[in-house]
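The chain contents come next:
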Amino acid sequence: MTGTQQLGPLIHSFFIDHLVTVKGLRPASVRSYSDTIRLLLCFVARQKGTKITRLTLEDLTFDHVLGFLRYLESDRHNHVRTRNQRLAALHTLFEYIATREPTMLETCQRVAAIPIKRVAPAETHFLERDEMQSLLRHLPHAGRLAQRDHALILFLYNTGARAQEVAELRAGNLQLVKPYLVRLHGKGDKWRTCPLWDQTAKLLTALLDSSGQPRAANAPVFCSTTGEALTRFGIYKAVRRLAGHLDDPGIDRTVSPHVFRHTAAMHLLESGVEINVIRGWLGHADLTTTNRYAEINTRTKMEALRATEPPDPSAARRPTPVWRSDESLLNWLSNL
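Conventions and cut-offs
- All residue numbers here refer to positions counted from 1 along the written sequence of the relevant chain.
- The model is predicted, so local features are restricted to residues of pLDDT at least 70 and side-chain atom pairs to those at 80 or more, both for listing and for counting; the totals for chains, interfaces and linings are taken over all residues.
- Derived side-chain values reflect all non-hydrogen atoms in the structure, with water molecules and hydrogen atoms excluded from consideration.
- We count a stretch as a helix when DSSP gives it H or I for four or more residues in a row; a strand needs E for two or more, and each element gets its number in order from the N terminus.
- Burial classification: accessible surface area is computed with a 1.4 Å probe over protein chains only, and a residue below 20% of its type maximum counts as buried, one above 50% as exposed, and the rest as partly exposed.
- Whether two residues touch is decided by their heavy atoms; if any such pair falls within 4.5 Å, the residues are in contact.
- Throughout, the Shrake-Rupley method with a 1.4 Å probe supplies accessible areas, and for residues the shown protein chains are the sole cover considered.
- Under the convention used throughout, the expected extent of a helix is 1.5 Å for every residue step, that is, one less than its residue count.
- At least two bridges found by DSSP between two strands are what make those strands a pair.
- Stacked, edge-to-face and tilted are the three classes for Phe, Tyr and Trp ring pairs, Trp counted by its six-membered ring, which pair at centre distances within 6.5 Å; planes under 30 degrees apart are stacked, over 60 edge-to-face, the rest tilted.
- Fitting axes to the seven residues ending at a residue and to the seven starting there, one defines the bend at that residue as the angle between these axes.
- We define a nonpolar core as any set of buried Ala, Val, Leu, Ile, Met, Phe, Trp, Tyr and Cys residues linked to one another through side-chain atoms lying within 4.5 Å.
- Salt bridges are identified by distance alone: a Lys or Arg side-chain nitrogen within 4 Å of an Asp or Glu carboxyl oxygen.

### Some details on the overall build of the protein chain
Per the secondary structure count, the protein chain includes 14 helices and three strands. The proportion of buried residues among the 336 residues of the protein chain is 41%. The long-range fraction of contacts in the protein chain, counting pairs at least 24 apart against all pairs at least 6 apart in sequence, stands at 61%. For the protein chain, the exposed surface amounts to about 19600 Å²; the carbon and sulfur share of it is 54%.

### Here's the deal with helix H7 (residues 146-159)
Between its terminal C-alpha atoms H7 stretches 20 Å, which fits the 20 Å expected from 14 residues at 1.5 Å a residue. Counting buried positions along H7 gives 13 out of 14 residues, so the element sits mostly inside the fold. Glycine 160 occupies a position one or two residues after H7 and carries a positive phi of about 65°.

### Focus on the pairing of strand E2 (residues 181-185)
Consecutive side chains along a regular strand alternate between the two faces of the sheet. Relative to E2, strand E1 (residues 174-175) is paired through two bridges, and the arrangement is antiparallel. Within E2, the position partnered with leucine 174 by the bridge is valine 182. Following E1, the chain reverses through five residues before pairing antiparallel with E2. In this structure, E2 lies alongside strand E3 (residues 191-195), joined through five bridges in antiparallel fashion. Counterpart to histidine 185 in the pairing with E3 is tryptophan 191. If you look at the hairpin formed by E2 and E3, you'll find five residues sitting between the two strands, and glycine 188 has a positive phi there, around 70°.

### A short note on the sheet that holds E1
The sheet built from three strands is open, its strands ordered E1-E2-E3 with antiparallel pairing. Two strands in the sheet have a free side with no partner beyond their single neighbour: E1 and E3.

### A short note on the packing of aromatic side chains
Tallied over the full model, the rule gives eight aromatic pairs. On the numbers, 5.5 Å between centres and 80° between planes, the contact of phenylalanine 14 with phenylalanine 15 is edge-to-face. Phenylalanine 14 sits in the buried class, given a relative accessible area of 0%. Taking the centre distance of 5.8 Å and the plane angle of 55° together, the rings of phenylalanine 155 and phenylalanine 222 count as tilted. Of this pair, phenylalanine 155 sits in helix H7 while phenylalanine 222 sits in the loop between helix H9 (198-209) and helix H10 (232-243), placing them 67 residues apart in sequence. This pair shows no difference in class: phenylalanine 155 is buried, exactly as phenylalanine 222 is. What links up through ring pairs into an aromatic cluster is the set Phe14, Phe15, Tyr33 and Tyr96.

### Structural notes on the side chain of arginine 253
Residue position: arginine 253 is located in the loop between H10 and helix H11 (257-270). Setting aside chain neighbours within four positions, we find arginine 253 in contact with His125, Phe126, Leu127, Glu131, Leu246, Asp247 and Asp248.

### Here we look at helix H1 (residues 7-22)
Residue phenylalanine 14 marks the point of greatest curvature in H1, where the axis turns by about 30°. Taken together, the buried positions of H1 are occupied by Leu7, Leu10, Ile11, Ser13, Phe14, Phe15, His18 and Leu19. Turning to H1, the residues buried within the fold contact helix H2 (27-48) and helix H4 (80-100). Just downstream of H1 lies glycine 24, where phi reads positive at about 65°.

### Considerations on the nonpolar core
If you look at the biggest cluster of nonpolar residues, it comprises 51 residues, and the most contacted ones within it are Ile153, Phe155, Phe222 and Phe260. Broken down by element, this core gets its largest block of residues, seven residues, from H7. By size, the runner-up hydrophobic cluster in this structure holds 35 residues, among which are Val44, Leu57, Leu93 and Ile114.

### Some words on the pattern of salt bridges
A full pass over the atoms with the stated rule returns twelve salt bridges. In this structure, the salt-bridge partner of lysine 48 is aspartate 59, at a minimum N-O distance of 3.4 Å. Of the two residues, lysine 48 sits in helix H2 while aspartate 59 sits in the loop between H2 and helix H3 (62-74), which places them eleven residues apart along the sequence. For lysine 48, a relative accessible area of 43% translates into the label partly exposed. Note that arginine 129 is salt-bridged to glutamate 270, the shortest N-O span being 3.4 Å. Within this pair, whereas arginine 129 is found in helix H6 (residues 129-137), its partner glutamate 270 is found in helix H11, the two being separated by 141 residues in sequence. Taken together, the salt bridges that share partners define one network made up of Glu73, Arg83 and Lys117.

Any functional reading would require information that these geometric values do not contain.
See the structure below:
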């Protein structure tokens, strides 16, 4: 029988040897796995009425995994996408367990067979050009955070960077002499280079020079009031404070850092930039992800075309279709 002491070392090995050394995941991804496994262990311990330290590997049963997934949706009210993300982490964990503990192979195979739930794609919301221009014009120009906030919003719009990429941005990643460039560290440990507008480079230069001392290459570009690098949550809070008034309940749009990413993509597309260039700009691994912006842009154009179509003068002379009402439609169908 698997001993109590074997669960801890195996979980530790999963994180250190497998996720970090073998898969080379970044700290943010490792934290996501950590959150999922912590929640799972807490759930199983409650179900068994014991302490986490007394759990054994054999306590990670198929039924407990199913119960955990139900708990995420029913008790924690997690969205299906969050449930799927947690399940993907569990798939990885149990695949690793299968290679280390053959006695757990059947359980691991059953967990691996748990399907990802289908879910509608998330809505892609963005700011129109006039909304973006208005936001930039009305950003605060006074106060100790005004310079940083202005540079942050313009940088998000210019680059379409993810919040995590902005949080990890360091002074050494910027080239603030022409041609102005930034190197962003994206998903999958991949780097990409984005051009910067003159205005963005000017604001970043002023921000880095504001301390009166040269910034070290590893110094964070966007800092909190304590001088520490802004976290993803800090960036989210700053964006909500500066752009929250642009929320649109009518289309369920809440302005977050990711909305600026969508905005950058849509405005690049509207300006005639080729879709594959936008893929590289945003750091998408798959062109399919980028193609959704082209689909949205086409749909928007079609809606605008229909809205501006002039009235047809011959429409008044057209006969009324027999299916104008439900009753007439049913009668027409029954007489076919």
